[in-house]
Amino acid sequence: MSAEDSVLVRCPSCGESAAPRARFCENCGTSLAAVADDPSLPSEVTLDVAPTVLDLDPATGEAGRRKCAACGGVIADDGYCTDCGTPGQSERDHFEERPAAWVAGVCDRGIRHARNEDAMALAASSAFAALVVCDGVSSAPDSDVASLAASRAARDVLVAYGPEGSSSVAGATSRRIAGWTDAMVAASRAAGQAVRGAAEQLAATKGTDVADDPPSCTFVAAVVDHDLIVAGWLGDSRVYWLPDEGPAEQLSVDDSWAQEMIAAGVPRAQAETSPQAHAITRWLGPDAADTDARCAATVPSGPGWLLVCSDGLWNYCSDAHQMGELVRRFAGCGEPHAAASALVRWANAQGGRDNITAALARIAPTVTEQR
């Protein structure tokens, strides 16, 4: 590694240290091109604008009128609340999905970022759910477009493969795990293709080469099929299984510099707070060499919460046991939408340094499959 490769650049907008050669700040998205030769420009800015809410109708999937988070009023067509006058943000900055009573998610810009590069796409029926979260890489432009395209493409593949799709999986647990693992890999490949398609379209619109700063994102997804959970991932967004009783578990394993350091024996707290902690080693994008998700499965023996989230949440609560306590703290009513909303508010209260996505499914297994 050359000396240039090891120099950290400090963002002039938020003061965050960026990875060597980064062109955009991972924390706030500010271009770092102007400070490449002067990494010591101090400055800090905090955005303090109340998010609006995109409330998706569970029956139709269509968006209703945006709500003002400041007072609960309605955001008018001019972009301001009709009751208190607070300016609203775009629907991309904060949106919510509730495809079923037992599944919900909230995706929020956070406080420090100028835009929301997280995305999620959820689907659910009576005993099936697909939860997909993609986190756009802030060091690459237009990653908000990439993450949204990737999450929707992956969700559609999982829905098509699900119990209501054309390739439903049934039978012994081992066969179901194998089937859903194949579906998850297919979903991650479809997500990768969606990112490449978005990059090509953006390049054509801008008149640039698709290889110049291509958009990219992480990928994480979980499928619930009755009593079975299958997770898949690339990057450092996560899946947690948080049972009501028994040890909590992180099903995914980060593809990141921090995880490599943890595997080498560095304490988790030290690795995850280092300047290079969020340097990912696998991702989706035109420059990604591998878009096959790694997968893991579990068969819950009792009720609990499935959480799929971006690092904007787990940055403040990484340990699975602590995450379980946090979710249970906000999920006393057993309602996933209220719990997901509370998790996002909590992350913003901790500083909201990144975009935040929390998708939850309340699982109470009643079917025991034969292995």
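Predicted, not measured: the structure shown is a model, and the values here were computed from it. (Residues numbered from 1 in each chain as written. Predicted model: local features only at pLDDT ≥ 70, side-chain atom pairs only at ≥ 80, totals over all residues. Heavy atoms only, no water.)

*Asks:* Please set out the overall build of the protein residue by residue, giving values where relevant.
*Replies:* Within the protein, the regular secondary structure consists of seven helices and 15 strands. Among the 371 residues that make up the protein, the fraction classed as buried is 51%. Taking the intrachain contacts of the protein between residues at least 6 apart in sequence as the baseline, contacts between residues at least 24 apart amount to 63%. Here the protein has roughly 15800 Å² of accessible surface; of this, 50% comes from carbon and sulfur atoms. (Helix = DSSP H or I, 4+ residues; strand = E, 2+ residues; numbered from the N terminus. Buried < 20%, exposed > 50% of the residue type's maximum accessible area, 1.4 Å probe, protein only. Contact = heavy atoms within 4.5 Å. Areas by Shrake-Rupley, 256 points an atom, 1.4 Å probe, with all protein chains shown as cover.)

*Asks:* Please provide a residue-by-residue account of the sheet that holds strand β7 (residues 118-124), values included.
*Replies:* Pairing within the open sheet is antiparallel, and its five strands lie in the order β7-β8-β9-β10-β13. Across the chains shown, the open sheet's two edge strands, defined by having one partner strand only, are β7 and β13 (294-298). Neighbour to neighbour, the strand axes of the sheet diverge by 10° on average, direction disregarded. With six bridges joining them, strand β8 (residues 128-135) and strand β9 (residues 219-225) adopt antiparallel strand pairing. Its bridge partner being in β9, alanine 130 is matched across the sheet by valine 223. (Pairing = 2+ DSSP bridges. Axes fitted to C-alpha atoms, helices over the stretch in contact; angles between N-to-C directions.)

*Asks:* Go over the sheet that holds strand β15 (residues 356-363) with me, naming the residues and quoting the values.
*Replies:* The antiparallel open sheet is built from six strands, whose spatial order is β5-β6-β15-β14-β11-β12. Strands at the two margins of the open sheet, each flanked by one partner only, are β5 (94-100) and β12 (249-250). As judged from the six bridges shared by strand β6 (residues 103-108) and β15, these two strands associate in the antiparallel manner. Counted as the bridge partner of valine 103 is alanine 361 from β15. Taken strand by strand, helix α6 (residues 320-330) contacts β11 (238-243), β12, β14 (304-309) and β15, and its axis lies near 70° from that of β11.

*Asks:* Break down α6 for me, citing the residues and quoting the values.
*Replies:* Of all the positions in α6, only Ala320, Met323, Gly324, Leu326 and Val327 are classed as buried. Looking straight down α6, one finds that the buried residues subtend no more than 165° of arc, so they occupy a single side. In the core, the buried residues of α6 are packed alongside β11, β12, β14, α5 (311-314), α7 (336-349) and β15. Residue aspartate 319 occupies the N-cap position of α6, its side-chain oxygen lying 3.0 Å from the main-chain nitrogen of histidine 321. (Arc of directions from axis to C-beta. Polar contact = N/O pair within 3.5 Å; in protein donor to acceptor, adjacent residues only side chain to side chain.)

*Asks:* Go over the pattern of salt bridges, please, and point to the residues and values.
*Replies:* Evaluation of the coordinates by the stated rule reveals twelve salt bridges. Between lysine 206 and aspartate 142 there is a salt bridge, and its shortest N-O distance comes to 2.3 Å. You can see lysine 206 sitting in helix α2 (residues 173-206) and its partner aspartate 142 sitting in the loop between β8 and α1 (143-161), a full 64 residues away along the chain. Salt-bridge contacts for arginine 282 lead to aspartate 255; the nearest nitrogen and oxygen are separated by 3.3 Å. Residue arginine 282 is found in the loop between α4 (268-272) and β13, and its partner aspartate 255 is found in the loop between β12 and α3 (257-263); the two are separated by 27 residues along the sequence. Here arginine 282 falls in the buried class, since its relative accessible area comes to 14%. A single network of salt bridges, built from pairs that share partners, joins Asp255, Arg282, Asp290 and Arg294. (Salt bridge = Lys/Arg side-chain N within 4 Å of Asp/Glu carboxyl O.)

*Asks:* Please provide a residue-by-residue account of α1, values included.
*Replies:* Because an α-helix packs 3.6 residues into every turn, residues spaced three or four apart end up facing the same way. An ideal rise of 1.5 Å per residue puts 27 Å on 19 residues; α1 measures up with 27 Å between its terminal C-alpha atoms. Buried within α1 we find Ser143, Asp144, Ala146, Ser147, Leu148, Ala150, Ser151, Ala153, Ala154, Arg155 and Leu158. Of the surrounding secondary structure, the elements contacted by the buried residues of α1 are β7, β8, α2 and β9. (Expected span 1.5 Å × (residues − 1).)

*Asks:* Lay out the packing of α6 against α7 with the relevant residues and their values.
*Replies:* The interhelical angle for the contact between α6 and α7, taken along N-to-C directions, is 120°, at an axis separation of 8 Å. On the basis of their axis angle, the class for α6 and α7 is oblique. Seen along the crossing, α6 lies across α7 with a hand that is right-handed. On α7, the residues touching Leu326, Val327, Arg329 and Phe330 of α6 are Ala339, Ala342, Leu343 and Trp346. (Parallel < 35°, antiparallel > 145°, perpendicular 65-115°, else oblique. Left-handed = near helix turned anticlockwise from the far one by under 90°.)

*Asks:* Go over the environment of glutamine 276, please, and point to the residues and values.
*Replies:* Relative to the helices and strands, glutamine 276 resides in the loop between α4 and β13. For glutamine 276, a relative accessible area of 31% translates into the label partly exposed. Separated by 20 residues in sequence, glutamine 276 and serine 256 place their C-alpha atoms 9.1 Å apart.

*Asks:* For the confidence of the model for the protein, give the residues involved together with the corresponding values.
*Replies:* The share of residues in the protein with pLDDT of 70 or more is 75%, and the mean pLDDT across the chain is 82. Note that residues 34-63 has pLDDT below 50 and, in this model, 72 contacts with residues that lie over four places away or in other chains. In the model, residues 367-371 has pLDDT below 50 throughout and makes twelve contacts with residues more than four positions away in sequence or in other chains. (pLDDT = per-residue confidence, 0-100.)

*Asks:* Please set out the packing of aromatic side chains residue by residue, giving values where relevant.
*Replies:* Applying the stated rule across the entire model yields three aromatic pairs. Here a set of aromatic residues connected by ring pairs shows up, and it is made of Phe128, Tyr161 and Trp180. Here the guanidinium or amino end of arginine 238 rests over the ring plane of tryptophan 314, the centre of that ring lying 3.4 Å away. (Phe/Tyr/Trp six-rings, centres within 6.5 Å; stacked < 30°, edge-to-face > 60°. Lys NZ or Arg CZ within 6 Å of the ring centre and 35° of its normal.)

*Asks:* For the nonpolar core, give the residues involved together with the corresponding values.
*Replies:* If you look at the biggest cluster of nonpolar residues, it comprises 24 residues, and the most contacted ones within it are Leu131, Val239, Leu306 and Val308. Here valine 308 is in contact with Leu131, Val133, Val220, Ala222, Arg238, Val239, Thr357, Ala358 and Ala359, once residues within four sequence places are set aside. (Core = buried A, V, L, I, M, F, W, Y, C linked by side-chain atoms within 4.5 Å.)

*Asks:* So what's going on with the environment of alanine 160? Residues and values would help.
*Replies:* Mapped onto the secondary structure, alanine 160 falls in helix α1. Among the residues examined, alanine 160 registers a relative accessible area of 40% and is labelled partly exposed. Through-space distance from the C-alpha of alanine 160 to that of alanine 183 is 9.3 Å; in sequence the pair is 23 residues apart.

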